[in-house]
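Chain residues, written in single-letter form:
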Amino acid sequence: MAVTTRLTWKEEKSLQQLLGNVSLRLLYKSRVHGDSPENMLRKCALQGSTITVIYFHNSQQDCILGYLTVIDYDFIKPKVFFYSSFEKDETSKTKAACLNTTQKITDEELTFYSSDNKIFSVIPKNSRLFIHDALRERLGLNLYRDFKYSEWKVFRLEGIKDVAGYVSNRTRATERRNELLEDLRAYKPYADLVSEIRILLLGPVGSGKSSFFNSVKSVFQGHVTRQAAVGADLTSITELYRVYPIKDGEDGKSLSFMLCDSMGLDEKKGAGLCLDDIPYILKGCIPDRYQFSPHKPVTPSHPTFITSPSLKERIHCVAYVLDINSISNLSSNMVAKLKQVHKEVLNCGIAHVALLTKVNNYDEVLQDDLLNMNKSMTSKTQVMNIQRMLNIPISNILMVENYASELTLNPLKEVLILSVLKQMLRAADDFLQDLPEKTDEIANFQLCM
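First things first, this report covers the structure right here in the doc. The structure displayed is predicted, hence computed values, not measured ones.

Side-chain pairing between opposite charges can occur once the charged atoms of the two side chains come close. Counted under the stated rule, the structure contains 14 salt bridges. Between E158 and R156 there is a salt bridge, with its nearest N and O atoms 2.6 Å apart. Of the residues examined, E158 reaches a relative accessible area of 27% and is grouped as partly exposed. Connected through shared salt-bridge partners, E182, R185 and D248 make up one network.

See below:
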């Protein structure tokens, strides 16, 4: 029987979520070389770091399960990264866990131990797997009870110098990504004053406003998507005011926040978003799909103008979206427009952050714990420039790298995207918390705005 060395599309998609675009060379295939741990060992010994892929079908669902063994002579015990990947509602879900282990291989069984506890076994005799309850929970396999596999394969990892560091970073990023996703899925606005938070994206033409929405949607859908059109030149491609709900790819439900995309600011007079439209956008008077005109600002006489917007229709947080590589080159006209916009935002008392996009060294932005942002030396000057320009606290200056030409998701990028989104929602909650407590006072507050 010939050995098929290429991965199927589904296998490749699943492993890319864990490893990125790395090269894999097939060493062992149970259906060809014999379903025996010792046969596997003979084929894979002295081959360096390998990833094992095990296939099983359960509850009408295909699942890929396995482990990645990192050969690094700095470790007394080999590092093993266990992972699971399965399709749910046409979305691929991948979870991983890293453990220091010892391994025992016989012709009957391949077993991993951690602190003398048996945590994972491949048992060819009856084509079954044993997975410890704690590991099963970390891999999102709590509902699975019968682990009967159909086949397993072993691949050698190629093209990575520091396999341990590379995989460790991606594994930790995947775990942190999953934590952030759960937090944001469960998020509810402060005191239930509104059902959804509205975050307005404002900034110069080409700064990455629409790309940020696309990136957020991609993370929640589980694949790269480009719903909002993105321009490639200095002319704003966004002419409609859009209020985009964010739907969770896991169950299709709308989440408790929306991203509002607007026409870009232009340094030229009579081009880009008209500044006279800004107060009406902030107050919630502009409807979804309103057609902007640089020469004709909206007026209360417009047929779709919302004359008495409710609190839920207003903007709750403004994100000034700026290309980090262009901050030093902003013209005096653009700086003046940004300051004028910021003055309107302050007059409305709306929460605000700065979002710096196109951060090439995004892997350096997150600290080692993946919990906080690190204003690295390569971006510190730009951060300080924005802080001085708009007088925004440094803690509210966020950095991100959007999805542009990529075809697959990257957990490090996703952590950054979700982290800045969480900060925006915190800022919006601060805005809601600062509103008058009584309902009639909130109504009067809205009328004054």
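More follows now that the structure is in view.
Once that is clear, we can look at the nonpolar core. If you look at the biggest cluster of nonpolar residues, it comprises 90 residues, and the most contacted ones within it are I199, F212, F220, Y241 and F257. The element contributing the most residues to this core is helix 11 (residues 411-433), with 13 residues. Ignoring any residue separated from it by four or fewer positions in sequence, one finds F212 in contact with L201, L259, L355, V400, N402, I417, V420 and M424. Within the second largest apolar cluster, 28 residues are counted, among which are L110, F120, V122 and I131.

Moving on to unusual backbone geometry. One non-glycine residue with positive phi stands out, namely S127, at about 55°. Take S127: it is sitting in the loop between strand 8 (117-123) and strand 9 (128-131). Despite not being glycine, D192 has its phi angle at roughly 55°, a positive value. Tracing the sequence through the fold places D192 in the loop between helix 5 (163-186) and strand 11 (197-202). For D192, a relative accessible area of 62% corresponds to the exposed category.

Strands in a sheet are paired, the pairing made by backbone hydrogen bonds, and the direction either parallel or antiparallel. Strands sit in the order 6-7-8-9 across an open sheet of 4 strands; the sheet is antiparallel. Looking at the sheet topology across the chains shown, the edges are occupied by strand 6 (102-105) and strand 9. On average, each strand axis in the sheet is inclined to that of its neighbour by 15°, with strand direction left out of account. Alignment of strand 8 against strand 9, held across 4 bridges, turns out to be antiparallel. Bridge pairing in strand 9 places F120 opposite I131. Across the sheet, helix 3 (residues 37-44) lies against strand 6 and strand 7 (110-114), angled at about 115° from strand 6, the strand it touches most.

Take the packing of aromatic side chains next. In total, this model carries 12 aromatic pairs according to the counting rule given. Taken together, a centroid distance of 5.9 Å and an interplanar angle of 70° make the contact between Y67 and F120 edge-to-face. Of this pair, Y67 sits in strand 3 (residues 61-70) while F120 sits in strand 8, and the two are 53 residues apart along the sequence. Summarising the aromatic geometry, the rings of Y290 and F292 are spaced 5.6 Å apart at their centres and angled 90° between planes, so their arrangement reads as edge-to-face. In terms of burial, Y290 and F292 fall into one category: buried. One residue, K118, lies across the ring of F130, its end atom 5.2 Å from the ring centre.

Procedures and definitions
- Residues numbered from 1 in each chain as written.
- Predicted model: local features only at pLDDT ≥ 70, side-chain atom pairs only at ≥ 80, totals over all residues.
- Heavy atoms only, no water.
- Salt bridge = Lys/Arg side-chain N within 4 Å of Asp/Glu carboxyl O.
- Buried < 20%, exposed > 50% of the residue type's maximum accessible area, 1.4 Å probe, protein only.
- Core = buried A, V, L, I, M, F, W, Y, C linked by side-chain atoms within 4.5 Å.
- Helix = DSSP H or I, 4+ residues; strand = E, 2+ residues; numbered from the N terminus.
- Contact = heavy atoms within 4.5 Å.
- Pairing = 2+ DSSP bridges.
- Axes fitted to C-alpha atoms, helices over the stretch in contact; angles between N-to-C directions.
- Phe/Tyr/Trp six-rings, centres within 6.5 Å; stacked < 30°, edge-to-face > 60°.
- Lys NZ or Arg CZ within 6 Å of the ring centre and 35° of its normal.

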